[in-house]
Number of protein chains: 2
Amino acid sequence: MTDKDISTRPRRRTTLGDVAQRAGVSAVTVSRVLREPHLVSETLRERVATAASDLGYVPNRLASALASAQTNTIGVVVPSLTNGVFNDFLSALHNVFLPAGFQLLVLNSRYTDANEEKAIATLLGHHPEAMIVTGVDQTPGARRMLQHAGVPVVQVMELTDRPIDINIGLSQVEAGHAALRFLMERGCCRIAHLMAPLDARAVRRREAFEQEMVSRGMEPLVIASTRPTSVPLGAELLAALIERHPDVDAVWCSSDNLALGALFECDRRGIRVPEDISFMGFNDLEFCSIAHPAITSVATPRYEMGERTAEIVLEIIRGSGKRPEERRIDMGFEIRERDSTRKAPRP
Amino acid sequence: MTDKDISTRPRRRTTLGDVAQRAGVSAVTVSRVLREPHLVSETLRERVATAASDLGYVPNRLASALASAQTNTIGVVVPSLTNGVFNDFLSALHNVFLPAGFQLLVLNSRYTDANEEKAIATLLGHHPEAMIVTGVDQTPGARRMLQHAGVPVVQVMELTDRPIDINIGLSQVEAGHAALRFLMERGCCRIAHLMAPLDARAVRRREAFEQEMVSRGMEPLVIASTRPTSVPLGAELLAALIERHPDVDAVWCSSDNLALGALFECDRRGIRVPEDISFMGFNDLEFCSIAHPAITSVATPRYEMGERTAEIVLEIIRGSGKRPEERRIDMGFEIRERDSTRKAPRP
DNA sequence: TTGTATGCGTTATCAT
DNA sequence: ATGATAACGCATACAA
């Protein structure tokens, strides 16, 4: 536990020049060995390599990027890392961008506009080759920055008529209508919606829910919390619902986490699913199919959205800025019916 | 949907010089307005501010970092973003570092050493002010790089006798022994362990499990999968377990996700918890207390570990490199008993 | 195949 | 209070 090994640490990081000196060559040669080894003679290549290794040389990306005007970096802003939705999306981005030689810089806005704007500013400061942001509700300031960034900008997860640049997502409103119609078709008539309005997409779905209910002459029943979505929150919201409206026959949750928590709470209270209440979630996270009862959910193509986003970005970057024909790409959604909405046929 | 707004985009990003020109001042003044506004006259301050805003100026962090030798960046490597464990930890880091003016650069190693080494190299290229890495099993190459980095390095989540620099975590082995003893004390004697050995911490816990079982003259029963932990995997592992060993009376899962999936599978198969099988997880993720039955788990202080890590790093950075007295900090763990291990008293 | 000169956008230092 | 100048570490263009 002595401090010796620490006090002897180098104060100055080793640079190209240091390696060059040790190898007895010029700095450019070292740079070449790292970037274009085939252009350097075998002898020097090895000498430089060992020198670099001896000194534990790590290239300074900042200097490199500054000099080359190439950061090989993609900026990404998501509102949450806890929510499984964004993990799948990020996973896809990783899988396409890393092999292509790009690095992901991911910042978390925690569902607040101010944080998002700050995150965008921070990322732009790193001069990414492209920006990928979640949703379409950026602040005017953020929009301005993105428009001036001079790099491809992709808004993902939902759709808008007025994209900053490229827009890849799905219609949250259509998904909301579809979910509600699905429950109606299965004979549910007293339907409640549980949600957490921190998520802008969830708000769009709620609006679709309310609109659809009203248009059918029914009273929209929404239980919301300003906390972010989570399993415990689902249990809480269901408890609140049942106390106020014990007569509901279906619950649509704005996220699968809420649905899972609500399901637990039903179990705890002896409410049978789907016999007493039908249940439906959103996003189709992996646990939906494995829960008991399995949860009906609206599957969103998160992974595919990520792949598509990455491919389009790469095409633009490599193809000298050529945008795709369509600036607005609808990836759609799909309802996966499972036991939580399969009531036994009426006798 | 025209391309006009795109084709008119600036090809060159606006720089300090551009802003200076527009404001009719020198570049240095602009720089000062941004960093030390109090040293600049009111008039110029405003003129520069509007010029910067008009041009949508975003400072180039790379150039800034290069010139000042200060990146205000903390490098972090975690093996997974899907696993709730790391979210809580990252959350804590965010909460302490962001207000302190630092930015987090988080890379995901996806549970593989090669990725981790690459991630560490990448992060070091950004010249972070400190490095935080998960676990204590870095490759020799990674260790070397970290030792030469000249910045504080914190290894988190588990403990080692041979830390690179600072080590903050808990004894996974002790936690493993404790979990097993806990089940034994409650009368379980045919205990199985479900795990995903991709996680090095999980492997340590398994070793503790096996050792404890053998030392009691019992046969260690382990069902593992090389896939990363997930809810569906828990269901699969339980199915495999029951088919081979229908007589188990307790299951300890190496992660709460596995426990949740296993619990669903029990439900599906009509196995009662805890009457037929007692269940125990690890980490005490938020859904444990809300599940039905609620899941007994080993609570790990993830958030506190993050806070402690950040505080120590800040102290070192600000206190001219002074390390804390103890380079190895044990944050402990705690078993939270819930219904999944509360068998009814024998009559 | 290797080296020299120049510049990337910013900050630090020193003048004014 | 403001400006001129020299770094920072590397990559590009060009020369040898």
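Residues numbered from 1 in each chain as written. Chains lettered and ligands numbered in written order. Predicted model: local features only at pLDDT ≥ 70, side-chain atom pairs only at ≥ 80, totals over all residues. Heavy atoms only, no water.

### Here's the deal with the relation of the copies chain B and chain A
Structural alignment of chain B on chain A gives an RMSD of 0.1 Å, achieved by rotating through 180 degrees and translating 0.0 Å along the axis. Here the symmetry operator amounts to a two-fold rotation axis. Taking C-alpha positions as reference, the residue of chain B nearest the rotation axis is Leu62 of chain B, located at 2.5 Å. Interface overlap between copies: 100% of the residues of chain B at the interface are likewise at the interface in chain A, consistent with a symmetric, same-surface contact. (Least-squares fit on C-alpha atoms with pLDDT ≥ 70 in both. Contact = heavy atoms within 4.5 Å.)

### Re the pairing of strand β9 (residues 278–283) of chain A
All names here are of chain A. Where burial is concerned, most of β9 is hidden: 6 out of the 6 residues are buried. Running through helix α12 (residues 256–269), the crossover from strand β8 (residues 250–253) to the neighbouring parallel element β9 is right-handed. Relative to strand β10 (residues 296–299), β9 is paired through 4 bridges, and the arrangement is parallel. Residue Gly281 lies in a different strand from β10, and its bridge partner there is Ser297. (Buried < 20%, exposed > 50% of the residue type's maximum accessible area, 1.4 Å probe, protein only. Helix = DSSP H or I, 4+ residues; strand = E, 2+ residues; numbered from the N terminus. Right-handed = clockwise from strand over helix to strand, strands pointing away. Pairing = 2+ DSSP bridges.)

### Concerning empty space enclosed by the protein
Scanning the entire structure with this criterion turns up 6 cavities of 30 Å³ or more. The computed volume of the largest cavity comes to approximately 230 Å³. Around the largest cavity sit 22 residues that line it, and Asn83, Asp199, Arg201, Arg205 and Asn283 of chain A are the ones nearest its centre. Those elements that place two or more of their residues in the lining of the largest cavity are α6 (84–97), α10 (200–215), β9 and α13 (302–318) of chain A. Per-element accounting of the lining of the largest cavity gives the leading share, 3 residues, to α10 of chain A. Looking at the lining of the largest cavity residue by residue, the classes come out as 11 nonpolar, 7 polar and 4 charged. Of the residues that make up the lining of the largest cavity, three or more belong to each of domain 2 (70–170 + 302–333) and domain 3 (172–299) of chain A. For the second largest cavity, the lining is made up of 19 residues, of which Val85, Asp199, Arg201, Arg205 and Asn283 of chain B are closest to its centre. Residue assignment for the lining of the second largest cavity shows that the elements contributing at least two residues are α6 (84–97), α10 (200–215) and β9 (278–283) of chain B. Looking at which element gives the most residues to the lining of the second largest cavity, the answer is α10 of chain B, with 3 residues. Classifying every residue of the lining of the second largest cavity by side-chain character gives 9 nonpolar, 7 polar and 3 charged. (1 Å grid on protein atoms, 1.4 Å probe; cavity = no way out; pocket = protein on both sides within 12 Å on 5 of 7 lines; lining within 4 Å. Points joined across faces, edges and corners; volume = space filled by probe spheres on them. Nonpolar A, V, L, I, M, F, W, Y, C, P; charged D, E, K, R; others polar. Domains from an automatic or database assignment.)

### Here's the deal with the sheet that holds strand β7 (residues 221–224) of chain A
Residues and elements named next belong to chain A. Sheet architecture is open: 6 strands sit in the order β7-β6-β8-β9-β10-β12, paired in mixed fashion. Lying at the two open borders of the sheet, with one neighbouring strand each, are β7 and β12 (334–336). For this sheet the average axis-to-axis angle between neighbouring strands, irrespective of direction, equals 20 degrees. Alignment of strand β6 (residues 191–195) against β7, held across 4 bridges, turns out to be parallel. In the sheet register, Met195 faces β7, and the bridge partner there is Ala224. Across the sheet, α12 is in contact with β6, β8, β9 and β10; its angle to β9 comes to roughly 155 degrees. (Axes fitted to C-alpha atoms, helices over the stretch in contact; angles between N-to-C directions.)

### So, the protein's contact with DNA strand D
If you check the shell around DNA strand D, you find 23 residues, and the closest are Leu16, Ser31 and Tyr57 of chain A together with Thr29 and Ser41 of chain B. Within 4 Å of the protein, the contacting atoms of DNA strand D are 68% sugar and phosphate, with bases supplying the remainder. Asn60 of chain A places a polar main-chain atom, nitrogen or oxygen, 3.3 Å from a phosphate oxygen of DNA strand D. Contact between DNA strand D and Ser26 of chain B: a phosphate oxygen at 3.2 Å from a side-chain N or O atom of the residue. Put simply, the parts of the chain that give the surface near DNA strand D at least two residues each are α3 (27–35) and α5 (61–68) of chain A together with α3 (27–35) and α5 (61–68) of chain B. Per-element accounting of the surface near DNA strand D gives the leading share, 4 residues, to α5 of chain A. Residues of the surface near DNA strand D, tallied by class, amount to 13 nonpolar, 8 polar and 2 charged. (Near = heavy atom within 4 Å. Polar contact = N/O pair within 3.5 Å; in protein donor to acceptor, adjacent residues only side chain to side chain.)

### Side note on the interface of chain B and chain A
Chain B puts 63 residues into the contact, and the matching count from chain A is 63 residues. For the pairing of chain B and chain A, the buried interface totals around 6,100 Å² over both sides, and the portion due to carbon and sulfur atoms is 57%. (Buried area = accessible area lost by both parts, 1.4 Å probe.)

### Comments concerning the domain arrangement of chain A
The domain architecture assigned to chain A consists of domain 1 (3–59), domain 2 (70–170 + 302–333) and domain 3 (172–299). Here domain 1 of chain A and domain 2 of chain A have C-alpha centroids that lie 36 Å from each other.

### Considering the protein's contact with DNA strand C
Around DNA strand C, the surrounding shell holds 23 residues, and the nearest of these are Val28 and Thr29 of chain A together with Leu16, Ser31 and Tyr57 of chain B. Protein-adjacent atoms of DNA strand C, using a 4 Å cutoff, are sugar or phosphate at a proportion of 68%. Backbone polar atom of Ala67 of chain A to a base oxygen of DNA strand C: 3.3 Å apart, as the coordinates give it. Interatomic distance of 3.2 Å between a backbone N/O atom of Asn60 of chain B and a phosphate oxygen of DNA strand C. Of all the secondary structure elements, the ones that give two or more residues to the surface near DNA strand C are α3 and α5 of chain A together with α3 and α5 of chain B. In terms of residue count, α5 of chain B provides more of the surface near DNA strand C than any other element does, 4 residues in total.

### Let's talk about the pairing of strand β4 (residues 153–158) of chain B
All names here are of chain B. Judged by how many residues are buried, β4 sits mostly within the fold: 6 of 6 residues are covered. Strand direction decides the pairing type here: strand β3 (residues 130–134) and β4, joined by 4 bridges, are parallel. Following the sheet pairing, Thr134 is matched in β4 by Val156. Crossover β3 to β4 through helix α8 (residues 140–148) is right-handed. As defined by bridge partners, β4 adjoins strand β5 (residues 166–170) across 5 bridges and the pair is classed as parallel. What sits directly across from Met157, in β5, is Gly169.

### Observations regarding the packing of aromatic side chains
Aromatic ring pairs are defined here through the distance separating the ring centres and the angle between the ring planes. Using the criterion set out here, one finds 7 aromatic pairs over all chains in the structure. Their ring planes at 5 degrees and their centres at 6.2 Å tell us that Phe264 of chain A and Phe264 of chain B sit as a pair that is stacked. Of the two residues, Phe264 of chain A sits in helix α12 while Phe264 of chain B sits in helix α12 (residues 256–269), which places them in two different chains. Across the pair, Phe264 of chain B and Phe264 of chain A agree in class, each one buried. With 6.4 Å between their ring centres and 40 degrees between their planes, Phe209 of chain B and Trp252 of chain B make a pair best called tilted. Placement of Phe209 of chain B in helix α10 and of Trp252 of chain B in strand β8 (residues 250–253) is noted, with a sequence separation of 43 residues between them. Members of the aromatic cluster, joined through ring pairs, are Phe209, Trp252 and Phe282 of chain A. The residue whose ring lies beneath Arg186 of chain A is Phe182 of chain A, and the NZ or CZ to ring-centre distance is 3.7 Å. (Phe/Tyr/Trp six-rings, centres within 6.5 Å; stacked < 30°, edge-to-face > 60°. Lys NZ or Arg CZ within 6 Å of the ring centre and 35° of its normal.)

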